[in-house]
Every structure is written in C-alpha cells, then in structure tokens.
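# Per-entry structural report
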Amino acid sequence: MIGERVVQRISSTRGFAKVAPHVVPVLDRAVHRLTRGKVLLSAQMLPGVILTSTGAKSGLPRRTPLACMPEDGGGSWILVGSNFGRTDHPAWTRNLLAHPDAEISFKGADIPVHARLLGGEERTAVWKELLVFWPPYATYQERVDREIRIFRITRRGQ
C-alpha cells in the first residue's frame, strides 16, 4: 500500500523523531478522551493502546499512548521502547521495569496487564517479527547506542 510506505518513510526521518514525541501523544490522549476510549489517532497507522503504568519515581499513574503489535488474538501485546529513535529509553519503559503490573485501554476496553522485558532468543525472534510489522524500527535501532527495550504484556490472570 503506497500510503503505508509513505508513512513509514516519513516516520523514519530525524525530523519526525524530533517532532512526533511532542505532538503524537498529546493528540492521541485528546482524541482518546473525546471518544471515550474508542479511537486512537496513531492507531490509524498501527494498532495502539493507552498504557497506564505507575511512575518509577513518583508512584503516580502515567498514561502513555503507544503503538503495539497484538499477539494471540488479544491475549498479549508487544510494546517497543523505540522512542522514535531518540537516544534515551522512554520513561514508560522504566515505569514497567519498576512496576510491571499496569493497565491498557485497547479498542475501548480497559484491561489489567503484566509486563515482561524480553531478552535473549525470545527478544531476537520478536524483533524479527517487529521489523516485518513496522520496518522503521530498524532505522530507530540504527540511530541509537542502546538496545531498544521490548516488552510482552499479557492479561493478568492468564
């Protein structure tokens, strides 16, 4: 699809990496609130969730709109700490490392989840799937001197 390729090319640029973190989450939160959790603007490109995690330092709830790769027909999701190819790990990844129990809003449903950081062979296999799912992740990884964190989140109680 031409539109998707154009979006992927644009999202791989350094300019997008500078602007998007300041614009996309604000728009996503506003649209999500106005539609009572039914719509995420960024989900028009990729599936998305609103992650509500507990702040690693503050202990306060933190709401972050994120792209995700759904797995298992809705039982688990992959979250990627790419931070649009910026140098630092995104804050939400530190929050999940400190407090892995969280909640997501996915397609209007609030779901309690547990997050697990992927490593080793498991991370390698998921990374390959992610590059097929959203090729710009390769550009983001090339730009940074850190391993991009990948989390699998699963419904609590499963």
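Please refer to the structure higher up on the page.
Model, not experiment: these values are computed from the prediction.

## Quick notes on the overall build of the protein
If you tally the helices and strands in the protein, you get five helices and seven strands. Traced from its N-terminal end to its C-terminal end, the protein shows the element sequence α-α-β-β-β-β-α-β-β-α-α-β. Every one of the 158 residues in the protein was classed for burial, and the buried ones make up 43%. In the protein, the proportion of contacts linking residues at least 24 apart, taken out of those at least 6 apart, comes to 64%. Accessible area for the protein stands at about 8,800 Å²; split by element, carbon and sulfur atoms hold 55% of it.

## Brief notes about the side chain of Glu 71
With respect to the helices and strands, Glu 71 occurs in strand β3 (residues 69-71). By relative accessible area, Glu 71 is classed as buried at 12%. Side-chain polar atoms of Glu 71 contact the side chain of Arg 152, separated by 2.7 Å. Beyond its immediate chain neighbours, meaning those up to four positions away, Glu 71 contacts Ser 76, Trp 77, Ile 78 and Arg 152.

## Quick word on the nonpolar core
Of all hydrophobic cores here, the largest spans 16 residues; its most connected members are Leu 51, Trp 77, Leu 79, Leu 96 and Ile 104. Secondary structure elements with two or more residues in this core: β1 (48-54), β4 (76-81), α3 (91-98), β5 (101-106), β6 (109-117) and β7 (149-155). Those residues within four positions of Leu 79 in sequence are excluded, and the remaining contacts are Val 49, Leu 51, Leu 66, Ala 67, Cys 68, Trp 92, Leu 96, Arg 149, Ile 150, Phe 151 and Ile 153. Residues Ile 78, Val 126, Leu 130 and Tyr 140 belong to the second largest nonpolar core, which totals 14 residues.

## Focus on the pairing of β5
The side chains of a regular strand alternate between both faces of the sheet. Two strands pair when backbone bridges link them, and β1 and β5 are joined in this way by three bridges, in the antiparallel orientation. Residue pairing in the sheet places Leu 51 in a bridge with Ile 104 of β5. Judged from the six bridges that link them, β5 and β6 form a sheet pairing that is antiparallel. Looking at β6, one finds that Ala 102 is bridged to Val 113. Connecting the antiparallel pair β5 and β6 is a turn made up of two residues, with Lys 107 showing a positive phi of about 55°.

## Quick notes on the packing of aromatic side chains
Going through the model one piece at a time under the given rule, you end up with four aromatic pairs. Ring geometry for Trp 92 versus Phe 151: centroids 5.8 Å apart, planes at 55°, classification tilted. You can see Trp 92 sitting in helix α3 and its partner Phe 151 sitting in strand β7, a full 59 residues away along the chain. Centroid distance Tyr 137 to Tyr 140: 6.0 Å. Interplanar angle 75°. Geometry classified as edge-to-face. Of this pair, Tyr 137 and Tyr 140 both sit in helix α5 (residues 136-143), separated by three residues, roughly a single helical turn. On the basis of relative accessible area, Tyr 140 is assigned to the buried category, the value being 3%. Grouping aromatic residues by their ring pairs yields a cluster made of Trp 127, Tyr 137 and Tyr 140. Its end group placed over the ring of Trp 127, Arg 123 keeps NZ or CZ at 5.2 Å from the ring centre.

## Brief notes about the environment of Gly 55
Counting through the fold element by element, Gly 55 comes out in the loop between β1 and β2 (61-67). A sequence separation of 41 residues divides Gly 55 from Leu 96, and the C-alpha atoms of the two residues are 8.4 Å apart. The contacts of Gly 55, once residues within four sequence positions are left out, are Leu 60, Arg 62, Asn 95 and His 99.

Cut-offs and rules
Residues numbered from 1 in each chain as written. Predicted model: local features only at pLDDT ≥ 70, side-chain atom pairs only at ≥ 80, totals over all residues. Heavy atoms only, no water. Helix = DSSP H or I, 4+ residues; strand = E, 2+ residues; numbered from the N terminus. Buried < 20%, exposed > 50% of the residue type's maximum accessible area, 1.4 Å probe, protein only. Contact = heavy atoms within 4.5 Å. Areas by Shrake-Rupley, 256 points an atom, 1.4 Å probe, with all protein chains shown as cover. Polar contact = N/O pair within 3.5 Å; in protein donor to acceptor, adjacent residues only side chain to side chain. Core = buried A, V, L, I, M, F, W, Y, C linked by side-chain atoms within 4.5 Å. Pairing = 2+ DSSP bridges. Phe/Tyr/Trp six-rings, centres within 6.5 Å; stacked < 30°, edge-to-face > 60°. Lys NZ or Arg CZ within 6 Å of the ring centre and 35° of its normal.

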